[in-house]
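Structural overview
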Amino acid sequence: MPILNRAAELQNEVTEWRRHLHMNPELLFAVENTAAFVEKKLREFGVDEIVTGLGRTGVVGLIRGNLGAGRTIGLRADMDALPITETSGKAWSSTTPGKMHACGHDGHTAMLLGAAKYLAETRNFSGNVAVIFQPAEEGGGGGNEMVKDGMMERFAIEEVYGMHNMPGMPVGHFGSRVGPIMASTDEFTITVKGRGGHAAQPHKTIDPIAIGAQIVNALQTIASRTVDPLASIVVSVTKFNAGFAHNVIPEQAVLAGTVRALTPQVRDTGEARIRQIAESIAGAYGATVDVWYGRNYPVTVNHATETGHALAVAATVAGEGNVNAALDPMMGGEDFSYMLLARPGAFVFIGNGESAGLHHPAYDFNDDVIPHGISYWVKLTETRLAA
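Cut-offs applied
- Residues numbered from 1 in each chain as written.
- Predicted model: local features only at pLDDT ≥ 70, side-chain atom pairs only at ≥ 80, totals over all residues.
- Heavy atoms only, no water.
- Pairing = 2+ DSSP bridges.
- Helix = DSSP H or I, 4+ residues; strand = E, 2+ residues; numbered from the N terminus.
- Axes fitted to C-alpha atoms, helices over the stretch in contact; angles between N-to-C directions.
- Contact = heavy atoms within 4.5 Å.
- Core = buried A, V, L, I, M, F, W, Y, C linked by side-chain atoms within 4.5 Å.
- Buried < 20%, exposed > 50% of the residue type's maximum accessible area, 1.4 Å probe, protein only.
- Expected span 1.5 Å × (residues − 1).
- Arc of directions from axis to C-beta.
- Polar contact = N/O pair within 3.5 Å; in protein donor to acceptor, adjacent residues only side chain to side chain.
- Parallel < 35°, antiparallel > 145°, perpendicular 65-115°, else oblique.
- Left-handed = near helix turned anticlockwise from the far one by under 90°.
- Nonpolar A, V, L, I, M, F, W, Y, C, P; charged D, E, K, R; others polar.
- Right-handed = clockwise from strand over helix to strand, strands pointing away.
- UniProt positions renumbered as here; feature names shortened; annotations may be inferred.

Looking at an unreviewed UniProt entry, the protein chain carries the name Amidohydrolase family protein, with the source organism given as Sinorhizobium fredii.

Before going further, it helps to examine the sheet that holds strand E8 (residues 184-193). Ordered in space as E10-E12-E8-E13, the four strands form an open sheet in which the pairing is antiparallel. The sheet terminates laterally at strand E10 (233-242) and strand E13 (288-294), the two strands that pair on one side only. Across the sheet, the axes of successive neighbouring strands diverge by a mean angle of 20°, strand direction being ignored. Sheet contacts for helix H6 (residues 208-219): E8, E10 and strand E12 (252-261); angle to E10, the most-contacted strand, approximately 170°. On the sheet, helix H8 (residues 264-284) packs against E8, E10, E12 and E13 and is oriented at approximately 165° with respect to E13.

Further remarks concern the nonpolar core. As a rule of thumb, nonpolar side chains are buried together in soluble globular proteins. Of all hydrophobic cores here, the largest spans 57 residues; its most connected members are Leu42, Phe133, Phe174, Tyr376 and Trp377. If you tally residues by element for this core, the top one is helix H3 (residues 105-122), at nine residues. With sequence-adjacent residues up to four places away left out, tyrosine 376 is seen in contact with Met163, Phe174, Ala310, Val313, Ala314, Val317 and Val348. Counting 26 residues, the second largest nonpolar core, distinct from the first, contains Ala218, Ile277, Ala282 and Val291.

Its 12 residues give H6 an end-to-end C-alpha distance of 16 Å, which sits within 8% of 16 Å, the value for a rise of 1.5 Å per residue. All of the buried residues in H6 are Pro208, Ile211, Gly212, Ile215, Val216, Ala218 and Leu219. One side of H6 holds all its buried residues, which, seen down the axis, span an arc of 170°. On its buried face, H6 is in contact with E8, helix H7 (221-226), E10, strand E11 (248-249), E12 and H8. In this structure aspartate 207 caps H6, since a side-chain oxygen of it lies 2.9 Å from the backbone nitrogen of isoleucine 209.

Here we come to the packing of helix H9 (residues 304-318) against helix H11 (residues 370-384). Remark: H9 packs on H11, axes separated minimally by 9 Å, with the N-to-C direction vectors making an angle of 125°. Here H9 is positioned oblique relative to H11, judged by the angle of their axes. Considering how the two elements wind past one another, H9 and H11 form a crossing that is right-handed. Contact residues: His309, Ala310, Val313, Ala314, Thr316 and Val317 in H9; His372, Ser375, Tyr376, Lys379, Leu380, Thr383 and Arg384 in H11. Looking at side-chain class alone, the contact of H9 with H11 contains six nonpolar, five polar and two charged residues.

Next up on the list: the pairing of strand E3 (residues 72-78). With respect to burial, E3 is a largely interior element, seven of its seven residues being buried. What you see with E3 is no split at all: Thr72, Gly74, Arg76 and Asp78 on one side and Ile73, Leu75 and Ala77 on the other are buried throughout. With seven bridges connecting them, E3 and strand E4 (residues 128-134) associate as parallel partners. Considered in E4, the bridge of leucine 75 is made with valine 131. For the crossover that starts at E3, traverses H3 and ends in the parallel E4, the hand is right-handed.

The next subject is the packing of helix H1 (residues 5-23) against H11. For any two helices packed against each other, the geometry comes down to the angle between their axes and how far apart the axes lie. Interhelical geometry of H1 versus H11 gives an angle of 120° and a closest axis separation of 8 Å. Between H1 and H11, the crossing angle belongs to the class labelled oblique. The element H1 and its partner H11 pack so that their crossing is right-handed. Where H1 approaches H11, its residues Ala7, Ala8, Leu10, Gln11, Val14 and Thr15 are matched on the opposing element by Ile370, Pro371, Ile374 and Ser375. In terms of residue class, the contact of H1 with H11 is built from seven nonpolar, three polar and no charged.

In this section: the UniProt feature "binding site: Mn(2+)" (unreviewed entry) in the protein chain. In the UniProt entry, the feature "binding site: Mn(2+)" (unreviewed entry) is given for Cys103, His105, Glu138, His164 and His359. These residues run over 257 residues, yet every pair of their C-alpha atoms falls within 13.2 Å of each other. The residue histidine 105 is located in helix H3 in this model. Looking at histidine 105, the relative accessible area reads 1%, which means it is buried. With near-sequence residues (within four places) excluded, histidine 105 lies in contact with Asp78, Met79, Asp80, Glu137, Glu138 and His164. A distance of 3.2 Å separates the side chain of histidine 105 from the side chain of aspartate 78, its partner in a polar contact.

If you want it as structure tokens, here you go:
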């Protein structure tokens, strides 16, 4: 089954929605205008039940099928933008300096709205489908907030599915894999406390900069010498702040960065080794150290059965040869992970063609993707909720 005819017919209309959203980006949970746009469209489509304010500013619409009673599945799109100034030069570029849809959430929202319109028109399924529009994927954990708000229980959702565009993957192609597909996204801050003094008399000081440099180097051994080479971990120091004058050794240095892992076990190892390395090196030089470690998004883990269903549906839309069922895991993070902890489901990628990368100021969602995404959502619903 190729692209649905109705999905192709909807492309121009959905493109208008997508470009409107692109021109009016909102950040994190402050997506009130985007959420209002989504709610308005769902009401126009005749969606049976609409709940707003879930996870602060999330929106969920429930569409009941015409083929009898049954269970409920959830389809999720993210709504928030990023704090980036756009340089794409498109006619529909962001109208708000410092904010832009640099990750394609405008496209995700528009495609799910297009699918909701189609499903509300046809209702060729049993049970119910919940279309989930989530705020604050970009660092705010909006997915977790919606889960904590009781969304799964409120709508009796039994399975949940997500989709994200991928620059570099051809339009019309899909990819995913069973198991870990995106990494956990932890953060750390290491404060090295030494003894300051005159830069010309370093022997009278405990230099936190020199100690911090040793810590930075040693942290690289977590990936190279602690974790199994066949496993994956990234430890990146992204900040190193110390000192204020050329001739003064400061009292302290502050390092910060991120840790990415693809299993809970490796995640635990990373945290433990950061603490051990920082404390041991600081102690060896007579300094003290404070280590703050914050756990952010968990690993995004696709469930085997549901991923099989999702990939099979993608193949009906794209063709077997255009679906990669063994996509390499990525070390970026995704808060759909919280929904997959709450319910079985799958997260798939859809090709965005040759475009600037995600989170790049020149990025733009490819509107040619729209009918493929709508067709996937519709066929997934009709397949998983077959009478």
